[in-house]
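One letter stands for each residue in the lines below.
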Amino acid sequence: MPHIFPPEIPKGKRLFDLLVAFLALIIFSPVLLIIALLVRIYHGAPILFKQQRPGYKEVPFFIYKFRTMTNRVDAQGNLLPDAKRLTRLGKFLRASSLDEVPEFLNVLRGDLSLVGPRPFLMEYLPLYNAEQMRRHEVLPGITGWAQINGRNNISWPEKFQLDLWYVDHWSFWLDLKILWQTIWKVFKREGINKTDEATTTYFTGNDE
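Predicted, not measured: the structure shown is a model, and the values here were computed from it.

### Side note on the overall build of the protein chain
Helices and strands together make up the secondary structure of the protein chain, namely 8 helices and 4 strands. Taking 17 Å as the expected radius of gyration for a compact globule of 208 residues, we find that the protein chain reaches 17 Å, a close match to that expectation. Across its three principal axes, the protein chain shows a C-alpha extent of roughly 50 × 45 × 35 Å. The buried share among the 208 residues of the protein chain stands at 46%. When contacts within the protein chain are restricted to residue pairs at least 6 apart in sequence, those whose partners lie at least 24 apart make up 70%. Approximately 11700 Å² of the protein chain is accessible, and the part contributed by carbon and sulfur atoms is 64%. Of the charged side chains in the protein chain, 26 are positive and 21 negative, and the gap between their average positions amounts to 8 Å.

### Some thoughts on the side chain of E103
Within the secondary structure, E103 sits in helix α5 (residues 103-109). The residues contacting E103, other than those within four sequence positions of it, are I63, Y64, K65, L112, R118 and I142.

### Focus on a nonpolar patch on the surface
A cluster of nonpolar residues, L19, F22, L23, I26, I27, F28 and V31, forms a patch on the protein surface that exposes about 650 Å² of accessible area. For the nonpolar patch, the element with the highest residue contribution is helix α1 (residues 11-27), accounting for 5 residues.

### Focus: the UniProt feature "domain: Bacterial sugar transferase" (unreviewed entry) in the protein chain
Residues annotated in UniProt with the feature "domain: Bacterial sugar transferase" (unreviewed entry) correspond here to residues 13-188. Split by type, residues 13-188 is 48% helix and 11% strand. Its first and last C-alpha atoms lie 27 Å apart.

### Observations regarding the UniProt feature "transmembrane region" (unreviewed entry) in the protein chain
Residues annotated by UniProt as "transmembrane region" (unreviewed entry) correspond here to residues 20-43. Across residues 20-43, the secondary structure splits into 96% helix and 0% strand, with the terminal C-alpha atoms separated by 29 Å.

### A few points about the nonpolar core
Judged by nonpolar contacts, the single largest core of 31 residues is most densely connected at F66, L93, F104, L114, W145, Y166 and I178. Those elements that place two or more of their residues in this core are α1, α2 (29-43), β2 (60-66), α4 (88-96), α5, β3 (113-115), α7 (156-169) and α8 (172-188). A per-element tally of this core places α2 first, with 4 residues. Among all residues touching F66, those that are not within four sequence positions of it are L32, I35, A36, V39, I47, L48, F49, L93, L98, D99 and P102. Within the second largest apolar cluster, 8 residues are counted, among which are L121, Y124, Y128 and F160.

### Re the pattern of salt bridges
Counted under the stated rule, the structure contains 8 salt bridges. In this structure, D175 and K13 form a salt bridge, with 2.6 Å as the shortest nitrogen-oxygen distance. Remark: K13 occurs in helix α1 and D175 occurs in helix α8; sequence separation between them is 162 residues. For the pair D175 and K13, a shared accessibility class is recorded, and that class is buried. In this structure, R85 engages D82 in a salt bridge whose closest nitrogen and oxygen atoms are separated by 2.9 Å. Taken together, the positions of R85 and D82, both in helix α3 (residues 82-85) and 3 residues apart, correspond to about one turn of that helix.

### Section: α7
The end-to-end C-alpha separation of α7 is 20 Å, in line with the 20 Å expected for 14 residues at 1.5 Å each. By the burial criterion, the buried members of α7 are W156, K159, F160, L162, D163, L164, Y166 and V167. In this structure, the buried residues of α7 make contact with α1, β3, α6 (130-133) and α8.

### Quick notes on the packing of aromatic side chains
Summed over the entire model, instances satisfying the criterion amount to 14 aromatic pairs. Measuring from ring centre to ring centre gives 6.0 Å for Y128 and F203, while their planes differ by 45°; the resulting arrangement is tilted. Residue Y128 is located in the loop between β3 and α6, and its partner F203 is located in the segment after α8; the two are separated by 75 residues in the primary sequence. Comparing Y128 with F203, the two get one shared label, buried. Measuring from ring centre to ring centre gives 4.8 Å for W145 and W165, while their planes differ by 20°; the resulting arrangement is stacked. Of the two residues, W145 sits in the loop between β4 (141-143) and α7 while W165 sits in helix α7, which places them 20 residues apart along the sequence. Judged by relative accessible area, W165 falls into the partly exposed class, the value being 33%. Here the aromatic cluster, defined as three or more aromatic residues joined through ring pairs, consists of F120, Y124, Y128, W156, F160, Y202 and F203. A cation sits over an aromatic face here: K50 above F62, 4.5 Å from the ring centre.

Conventions adopted
Residues numbered from 1 in each chain as written. Predicted model: local features only at pLDDT ≥ 70, side-chain atom pairs only at ≥ 80, totals over all residues. Heavy atoms only, no water. Helix = DSSP H or I, 4+ residues; strand = E, 2+ residues; numbered from the N terminus. Rg over C-alpha atoms; globule rule 2.2 N^0.38 Å. Buried < 20%, exposed > 50% of the residue type's maximum accessible area, 1.4 Å probe, protein only. Contact = heavy atoms within 4.5 Å. Areas by Shrake-Rupley, 256 points an atom, 1.4 Å probe, with all protein chains shown as cover. Lys, Arg positive; Asp, Glu negative; His and termini not counted. Charge placed at Lys NZ, Arg CZ, Asp CG, Glu CD. Patch = residues over 30% accessible without salt bridge, like charges linked within 9 Å, V, L, I, M, F, W, Y side chains within 5 Å. Salt bridge = Lys/Arg side-chain N within 4 Å of Asp/Glu carboxyl O. UniProt positions renumbered as here; feature names shortened; annotations may be inferred. Core = buried A, V, L, I, M, F, W, Y, C linked by side-chain atoms within 4.5 Å. Expected span 1.5 Å × (residues − 1). Phe/Tyr/Trp six-rings, centres within 6.5 Å; stacked < 30°, edge-to-face > 60°. Lys NZ or Arg CZ within 6 Å of the ring centre and 35° of its normal.

Shown next as structure tokens:
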């Protein structure tokens, strides 16, 4: 069933999201097919990574990405650490942000906007303070203010501060600025975590 789009979200933002996501999926469809084939060959099935994330007003939804890791296990049948399961293809997909192209499907459903705070893990919700929880007052996004201002190379307090700044200063022109800078940074490959390409550090609460 399609997502019921919140009436509180500006209609112009939603229409822009729909138009760009629809055009992007059409334009990138040949690339999507090639990536899907490569992921199936090098990572196995399923092709898409599916994970529940908190959305607008903390309502959970499933986010979709191309898989960047294999299902390799140790002798006891336990999954190996992320860094050992991340492939060269996976590193390329993450560095180029091509692993996130399936998220345009989430945009069409209304789970995501093109621009907004990135949806973090469900298990982080009990760790937020009241101010940090305000990041859910807008739709989460494929990219956001924090992504163009450091991405994985900034601390958790800085990420929350940037997300909340976006919540308080949203405008259509700000979204356009963020989208343009996102495209530019992807081409320049800025903001990639140089110390740990597998995953970002986990948020363990406000005492860290």
